[in-house]
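# Residue-level structure breakdown
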Amino acid sequence: MALKIKSLSKNSTLYKYGLRKEDKILSINEKKVEDIIDLMYFRGECVVLEYERESSRNRIVIDEFDYSEVEFEDIKPIRCRLRCIFCFMDQMPKGLRPSLYLKDDDYRLSFLYGNYITLTNLSNEQLLRIKEYNLYPLYVSVHSTIPSIRSFMMGSEKAGDIVFQLKRLQRYCKMIHTQIVLCPGVNDGYSLTKTIMDLAEMYPFVQSVAVVPVGLTRYRKNLFPLRPVTKRIAVEILNTILSFGDLFKRELGTRFVFPADEFFVKAGVRLPEVDFYEDFYQMDDGIGMISYFIHNLLNSSIRKRALRVTVVTGEIFYEYLDRALRDAGFYDYQVLPVKNRFFGKNVNVTGLLTGGDIVREVREKALYEEVWIPDILFNDDGLTIDDMDVDDLGILTGKRIKVIPHLVEHFLDYLS
């Protein structure tokens, strides 16, 4: 076991102590290092660090350890071996870069980045590590607490008894957030009601439930025939979730269960105010993201001005962003909704737009020479899903492309 340093600045503490790029950290305070979580546990402490450089082992004493200024190699994720009927990666076209097909089911990525885990592969050793390092909150995909339905949805008998798995996890972990991917005709109706009630019985260990609609692409072939969430279904789901939320608010002091923004959009129902979402437990899962963005934009103190730019966004966010910018007092701008031709009409979020679709819409409809594109469209290597970078987009559109932050706090800084 070892953790390789990818890069570190000359101003970082570890550089000053003699560490360099490509060094491998072997142990910290005599404890073998598996990944960055081992280092996080000792932040701020005096530590003895053992590292390897070109087959030579060295030891140093660091008075106040800080790993945050250093970039380490990525965690090699624990792979997901399930065959979920709704898995988005099974609906991807062939020929994209390999990383887009990598399915993880890793408790470490759940803690670090909010990735959802299934609890079907947690070993006793990993559970003990969760307890030792106090790793919480974790994020768990539940979908249904009815064993037969969950087993069917996730393609494995091991997935069936999620209530037992959650109670097992509770002995090692202080808090989790959960998710239900709503598949019409599969885990709605009684399954949804029972699942919400079962999870509420485990409050406060289970802190929240996010209900999100299944995502279906045009490449979904030879798979279980799932139906999209229609307006009628969205209304029904909202009624169920909002009724439970009102009940739990009275009994638990929290709404506990929250619908994705997409349900409100599909149902044609006005989005709630920010207070509805309490602490925004699962905003990265599309729960309250639109309301949070609009609230912060409208209540900011930034100087209003003419933007003279075209702002690219997905169809689901178009009307909200356009209205919010207008209500905030900005002018001379264009919000350009990009239709997702790559994945199909049922995929309308900004983060899944491709460079090709953006190029097509910008060339045909952009009003301004400067085009803003949210950073959420690019991976860590600066590439879109279809492997375009900013320079490619600029050349193909003939426009000045600027990558802007999608998080509202940084977006406001960009506007000011």
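Scroll up a little and you will see the structure.
For the structure given in this document, a descriptive report is provided here. (Residues numbered from 1 in each chain as written. Predicted model: local features only at pLDDT ≥ 70, side-chain atom pairs only at ≥ 80, totals over all residues. Heavy atoms only, no water.)

## Section: the sheet that holds strand 8 (residues 138–141)
To be explicit about the condition: For two strands to be treated as a pair, DSSP must find no fewer than two bridges joining them. Each helix is a run of DSSP H or I of at least 4 residues and each strand a run of E of at least 2, with the numbering of both proceeding from the N terminus. Residue contacts are defined here by distance: any two heavy atoms, one from each residue, within 4.5 Å place the two residues in contact. For every element, the axis is a line fit to its C-alpha atoms; helices are fit only across the contacting stretch, and the angle between N-to-C directions ranges from 0 to 180 degrees.
Pairing is parallel in the open sheet, where 5 strands are placed in the order 7-8-9-10-11. Each edge of the sheet is formed by a strand with only one pairing partner; in this case those strands are strand 7 (116–117) and strand 11 (257–259). Examined bridge by bridge, strand 7 and strand 8 share 2 bridges and lie parallel to one another. Looking at strand 8, one finds that Ile117 is bridged to Val140. Across the face of the sheet, helix 6 (residues 162–170) comes into contact with strand 8 and strand 9 (176–182) while running at roughly 170° to strand 8. Running over the sheet, helix 7 (residues 189–200) touches strand 9, strand 10 (206–213) and strand 11 and is turned about 180° from strand 9.

## Section: helix 5 (residues 147–154)
Note the cut-off: Exposure categories follow from relative accessible area, calculated using a 1.4 Å probe and restricted to protein chains: below 20% of the type maximum is buried, above 50% is exposed, and the middle band is partly exposed.
Among the residues making up helix 5, those that are buried are Ile149, Arg150, Ser151, Met153 and Met154. Where helix 5 is buried, its residues touch strand 8, helix 6, strand 9 and helix 7. Gly155 sits one or two residues past helix 5 and shows a positive phi near 70°.

## Here we look at helix 12 (residues 355–365)
Within the span of helix 12, buried status applies to Gly355, Asp357, Ile358, Val359, Glu361 and Val362. Where the residues of helix 12 are buried, they touch strand 12 (306–314), strand 13 (331–338), strand 14 (370–374) and helix 13 (390–397).

## Thoughts on the packing of helix 7 against helix 8 (residues 231–251)
Note the cut-off: Convention used here: angles under 35 degrees read as roughly parallel, angles over 145 as roughly antiparallel, angles from 65 to 115 as roughly perpendicular, and any remaining angle as oblique. By convention, the crossing between two helices is left-handed when the near helix turns anticlockwise from the far helix through less than a right angle, and right-handed when the turn is clockwise. When residues are grouped by polarity, Ala, Val, Leu, Ile, Met, Phe, Trp, Tyr, Cys and Pro land in nonpolar, Asp, Glu, Lys and Arg in charged, and all others, Gly among them, in polar.
Where helix 7 meets helix 8, the closest approach of the two axes is 11 Å, and the angle between their N-to-C directions is 25°. With respect to their mutual orientation, helix 7 and helix 8 come out roughly parallel. Seen from above, helix 7 lies across helix 8 with right-handed handedness. Residues Leu192, Thr193, Ile196, Met197 and Ala200 of helix 7 lie in contact with helix 8, whose contacting residues are Ile237, Thr240, Phe244 and Phe248. Broken down by class, the residue content of the contact of helix 7 with helix 8 amounts to 7 nonpolar, 2 polar and no charged.

## Here's the deal with the packing of aromatic side chains
What counts, and what does not: Only the six-membered ring of Trp is used, alongside the rings of Phe and Tyr, when aromatic pairs are assigned; centres must lie within 6.5 Å, and planes under 30 degrees apart are stacked while those over 60 apart are edge-to-face, with the rest tilted. Only lysine NZ and arginine CZ atoms are considered, and such an atom sits over a ring when it is within 6 Å of the ring centre and within 35 degrees of the ring normal.
Taken as a whole, this structure holds 18 aromatic pairs when the rule is applied. Ring geometry for Tyr203 and Phe256: centres 6.0 Å apart, planes at 90°, overall edge-to-face. Linking Tyr203 in the loop between helix 7 and strand 10 with Phe256 in the loop between helix 8 and strand 11, this pair joins segments that are 53 residues apart in sequence. The class for Tyr203 is partly exposed, based on a relative accessible area of 28%. Overall, the relative accessible area of 0% leaves Phe256 in the buried class. Look at Phe342 and Phe343: their rings are 4.9 Å apart centre to centre, the planes differ by 90°, and that puts the pair in the edge-to-face class. Here the two residues Phe342 and Phe343 agree in accessibility, since each one is buried. Three or more aromatic residues link up through ring pairs in this structure, and these residues are Phe258, Phe264, Phe276, Tyr277, Phe280, Tyr281 and Tyr292. The side chain of Arg20 reaches across the aromatic face of Tyr15, ending 3.6 Å from its centre. The ring of Tyr67 has Arg43 lying over it, and the distance from NZ or CZ to the ring centre is 5.3 Å.

## Notes on the nonpolar core
Side chains of nonpolar character tend, in soluble globular proteins, to be buried together. To keep it simple, the criterion reads: Nonpolar cores are built from buried Ala, Val, Leu, Ile, Met, Phe, Trp, Tyr and Cys residues. Side-chain atoms within 4.5 Å join them into one set.
With 94 residues, the main nonpolar core has Leu169, Leu297 and Leu415 as its most contacted residues. Of the residues forming this core, the biggest block, 7 residues, is contributed by helix 8. In this structure Leu415 touches Leu297, Ile302, Arg305, Leu307, Leu325, Phe330 and Trp372, once residues within four positions along its chain are discounted. Membership of the second largest hydrophobic core comes to 19 residues, among which are Val47, Tyr51, Ile60 and Val70.

## Concerning the environment of Ile5
Mapped onto the secondary structure, Ile5 falls in strand 1 (residues 3–8). Taking the C-alpha atoms as reference points, Ile5 and Lys304, separated by 299 residues in sequence, lie 44 Å from one another.

## Topic: the pattern of salt bridges
The following threshold applies: Every case where a carboxyl oxygen of Asp or Glu lies within 4 Å of a side-chain nitrogen of Lys or Arg is listed as a salt bridge.
This structure, assessed with the given rule, holds 30 salt bridges. With a closest N to O distance of 3.7 Å, Lys4 and Glu22 form a salt bridge. Of the two residues, Lys4 is situated in strand 1 and Glu22 in the loop between helix 1 (13–16) and strand 2 (24–28); the sequence distance between them amounts to 18 residues. Relative accessible area serves as the criterion here: at 27%, Lys4 is assigned to the partly exposed category. In this structure Glu22 comes out as partly exposed when scored by relative accessible area, which is 44%. Between Arg108 and Asp106 there is a salt bridge whose closest N-O contact spans 2.7 Å. Overlapping salt bridges, with partners in common, bring together Glu34, Asp35, Asp38, Asp106, Arg108 and Arg129 in one network.

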